[in-house]
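The residues making up each chain are set out below.
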Amino acid sequence: MALRLGDIAPDFQAETTQGTIHFHDWLGNGWAILFSHPKDFTPVCTTELGYMAKLEPEFRQLNCKIIGLSVDPVSSHLSWEKDIQETQGYAVNYPMIGDPDLSIAKLYDMLPADEPGTSEGRTAATNSTVRSVFVVGPDKKIKLMLTYPMTTGRNFDEILRVLESMQLTAGYSVATPVNWKHGEDVIITAAVKDEDIAAKFPKGYTRIKPYLRTTPQPNI
């Protein structure tokens, strides 16, 4: 069955470069990003894994863990990590899931449930749909899903921006407008009545239209 936003992220047990994990237990009470790769030693993914290692401290500040997945065994990941550090300048400091039996790729609807075989003999092209990003919230529900083509490197600065937006809206009755960045005004949701705004948003607000009311970002 296809996954949708708001679904519980499927739980699993897996071997990773940092030991065996039970996904929901590993998530704990924080946020997490699971991002997948079709094959080890692929050029675009090499750049992505290195950049995520660079950004890891920023995600950690937002109480968000990072975990990667590639349709190859953990032993291959460990060799690949050496190339990543050499070429990108950052050591992969988060776990990488081994998925040689394709079970997690299938569980997350990145490959058909009836896909035969294992990672052995498969190419990046046959795994091309294993190029997804899942953001999972503290409630274990999927908050964001993105799937990229193999030839386009993912914009993880954008994932960081979206994560901050989602955390902001989870804590306050606000949404974020187009191209919003940290520190910019946010939108007061329709659930907040005009007469309640002053109490909820003491920084004041601007009424552009009855349905469009903005206020300074509340948590800074």
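Here is a short report on the structure shown in this document. Model, not experiment: these values are computed from the prediction.

### Here we look at the packing of aromatic side chains
The final tally for this structure, using the stated rule, is seven aromatic pairs. Where F12 meets F23, the ring centres are 4.7 Å apart and the plane angle is 10°; that geometry is what we call stacked. Of this pair, F12 sits in the segment before β1 (13–16) while F23 sits in helix α1 (residues 23–27); the two residues are 11 residues apart in sequence, bridging distant segments of the chain. Given a relative accessible area of 8%, F12 falls into the buried group. By relative accessible area, F23 is classed as buried at 0%. Here F35 and Y94 contribute two aromatic rings whose centre-to-centre distance is 6.0 Å and whose plane-to-plane angle is 55°, an arrangement assigned as tilted. Of this pair, F35 sits in strand β3 (residues 31–37) while Y94 sits in the loop between α3 (74–88) and β5 (96–98), placing them 59 residues apart in sequence. Relative accessible area serves as the criterion here: at 2%, Y94 is assigned to the buried category. Among the aromatic residues, those joined into a ring-pair cluster are F12, F23, W26, Y108 and F134. The ring of W26 has K65 sitting right over it, with the charged end atom 5.0 Å from the ring centre.

### Considerations on the packing of helix α2 (residues 43–61) against helix α5 (residues 156–171)
Contact geometry for α2 and α5: axes closest at 10 Å, N-to-C directions at 30°. As the angle between them shows, α2 and α5 are arranged roughly parallel. Viewed along their axes, α2 and α5 form a crossing whose handedness is right-handed. Only F156, D157, I159, L160 and L163 of α5 make contact with α2, whose side of the interface consists of E48, Y51, M52, L55, E58 and F59. When its residues are assigned to classes, the contact of α2 with α5 shows eight nonpolar, no polar and three charged.

### Structural notes on the packing of α2 against α3
In the contact formed by α2 and α3, the axes pass within 9 Å of each other and the chain directions differ by 75°. Judged on the interaxial angle alone, α3 and α2 are roughly perpendicular. Facing C45, T46, T47, L49 and G50 of α2, the residues of α3 in contact are W80, I84, T87 and Q88. The class makeup of the residues in the contact of α2 with α3 is four nonpolar, five polar and no charged.

### Notes on α3
Its 15 residues give α3 an end-to-end C-alpha distance of 20 Å, which sits within 8% of 21 Å, the value for a rise of 1.5 Å per residue. Three or more residues of α3 are buried, namely V74, S76, H77, W80, E81 and I84. Of the surrounding elements, those touching the buried residues of α3 are β1, β3, α2, β4 (64–70) and β5. Directly beyond the C-terminal end of α3, a positive phi value near 85° is found at G89.

### So, the sheet that holds strand β9 (residues 186–188)
Spatial strand order, β8-β9-β11-β10: four strands in an open sheet with antiparallel pairing. The open sheet is flanked by β8 (174–175) and β10 (206–209), the only strands paired with a single partner. As judged from the three bridges shared by β10 and strand β11 (residues 212–215), these two strands associate in the antiparallel manner. Paired with K209 across the strands is L212, a residue of β11.

About the cut-offs
- Residues numbered from 1 in each chain as written.
- Predicted model: local features only at pLDDT ≥ 70, side-chain atom pairs only at ≥ 80, totals over all residues.
- Heavy atoms only, no water.
- Phe/Tyr/Trp six-rings, centres within 6.5 Å; stacked < 30°, edge-to-face > 60°.
- Helix = DSSP H or I, 4+ residues; strand = E, 2+ residues; numbered from the N terminus.
- Buried < 20%, exposed > 50% of the residue type's maximum accessible area, 1.4 Å probe, protein only.
- Lys NZ or Arg CZ within 6 Å of the ring centre and 35° of its normal.
- Axes fitted to C-alpha atoms, helices over the stretch in contact; angles between N-to-C directions.
- Parallel < 35°, antiparallel > 145°, perpendicular 65-115°, else oblique.
- Left-handed = near helix turned anticlockwise from the far one by under 90°.
- Contact = heavy atoms within 4.5 Å.
- Nonpolar A, V, L, I, M, F, W, Y, C, P; charged D, E, K, R; others polar.
- Expected span 1.5 Å × (residues − 1).
- Pairing = 2+ DSSP bridges.

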